[in-house]
Amino acid sequence: MYSVLLLCGGLAGVTTVLFGFGGGFVVVPLLYTLLISVHGLDSGIGQAAMHIAVATSTALMVFAASLATWRHHRRQTVQWHLVRPMVGYIAMGAVLGAAAAVSLSGEWVRWAFIGYLGITILDAVLRPGFLHQASGDVRPMGHLVTAMTGTFIGAVAALLGVGGSVMTVPLMRRRGASMTAATAMANPLSLPMAVSGTATYVLLSASGTAFGAWYAGYVDVRALLVLAVGSWLGIRLASIWIGRIPDRIHAGVYLLLLTMVLVVMVFVR
């Protein structure tokens, strides 16, 4: 199991630094599958598998998004003037999203994950503005739009444990950002969600769960440590490709990865 988690962490690191995923699109379906296969659906852990996968994925983002943000900052690909106004709103939304996830059943969270993936893929394919070569000049948003968008991104990302990439990358693409710039901004924007969301998962669920000594609420600490090591390795290996992938290919691979995760989550029960 831990060798699979190490590999999963490596894939999470690669997708974090190159696509801004924060690891969630890799960690959530794979950890969910592992927990079900090891403990069975009828066990306490099996019944809470989706909550554990989402909470552990959110905790991993604190580490992975921080390291990926530093890598992008060193390459000067982060447009900080666009990132800073959204940080506080995303953090507030993350508290709401994590609180909602704890109160919902794992099956509801799973189908919310699947539904949002499907909508995102269809929107990116059918509506102009994602797959084309972007100009690179990002149009800023007004204060009210920033507040509403940031709160919504934080809430949905924490609810599903996927980081902000699924919303921030398409948003920034349609506002003129290249894929390199869009994914670079997704990482620091995932950080406030990850910190607020993890704290909320631990505080709201700690008193009501008893999965073992290696659990902090719904966060599987042992899995988190192995995933973090793999993520560090993946980020180090993938960092050399920052800014080197052709824009249209970068966008196409992003959508392909989303589609692969959607298929896994639909058919794994």
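Structure's up top.
Residues numbered from 1 in each chain as written. Predicted model: local features only at pLDDT ≥ 70, side-chain atom pairs only at ≥ 80, totals over all residues. Heavy atoms only, no water.

**As for a nonpolar patch on the surface**
Phase 1 of the analysis: Among the surface-exposed residues, Leu 6, Phe 63, Val 229, Trp 232 and Leu 233 lie close enough to one another that they form a single nonpolar patch of about 420 Å² accessible area.
Phase 2 of the analysis: The biggest single contributor to the nonpolar patch is helix 10 (residues 221-238), with 3 residues.
Phase 3 of the analysis: Structurally, the position occupied by Phe 63 is in helix 4 (residues 49-74).
Phase 4 of the analysis: Owing to a relative accessible area of 33%, Phe 63 belongs among the partly exposed residues under this scheme. (Patch = residues over 30% accessible without salt bridge, like charges linked within 9 Å, V, L, I, M, F, W, Y side chains within 5 Å. Areas by Shrake-Rupley, 256 points an atom, 1.4 Å probe, with all protein chains shown as cover. Salt bridge = Lys/Arg side-chain N within 4 Å of Asp/Glu carboxyl O. Helix = DSSP H or I, 4+ residues; strand = E, 2+ residues; numbered from the N terminus. Buried < 20%, exposed > 50% of the residue type's maximum accessible area, 1.4 Å probe, protein only.)

**Digging into empty space enclosed by the protein**
Any space left empty among the atoms is revealed by the rolling of a water-sized probe across them.
Phase 1 of the analysis: Taken as a whole and judged by the stated rule, the model has 1 cavity of 30 Å³ or more.
Phase 2 of the analysis: When its volume is computed, the largest cavity comes out at roughly 40 Å³.
Phase 3 of the analysis: Along the walls of the largest cavity sit Val 17, Leu 18, His 72, Thr 180, Thr 183, Trp 241, Ile 242, Gly 243, Arg 244, Ile 245 and His 250, which together make up its complete lining.
Phase 4 of the analysis: Sorting the residues of the lining of the largest cavity by element identifies helix 1 (2-19) and helix 9 (179-205) as the ones contributing at least two each.
Phase 5 of the analysis: Per-class residue counts for the lining of the largest cavity are 5 nonpolar, 5 polar and 1 charged. (1 Å grid on protein atoms, 1.4 Å probe; cavity = no way out; pocket = protein on both sides within 12 Å on 5 of 7 lines; lining within 4 Å. Points joined across faces, edges and corners; volume = space filled by probe spheres on them. Nonpolar A, V, L, I, M, F, W, Y, C, P; charged D, E, K, R; others polar.)

**Things to note about the environment of Val 62**
Phase 1 of the analysis: Considering the arrangement of structural elements, one finds Val 62 in helix 4.
Phase 2 of the analysis: Taking relative accessible area as the criterion, Val 62 reaches 29% and is therefore assigned partly exposed.
Phase 3 of the analysis: Placed 161 residues apart in sequence, Val 62 and Ala 223 show a C-alpha to C-alpha distance of 15 Å.
Phase 4 of the analysis: When near neighbours in sequence (up to four residues on either side) are disregarded, Val 62 contacts Leu 191, Ala 194, Val 195 and Thr 198. (Contact = heavy atoms within 4.5 Å.)

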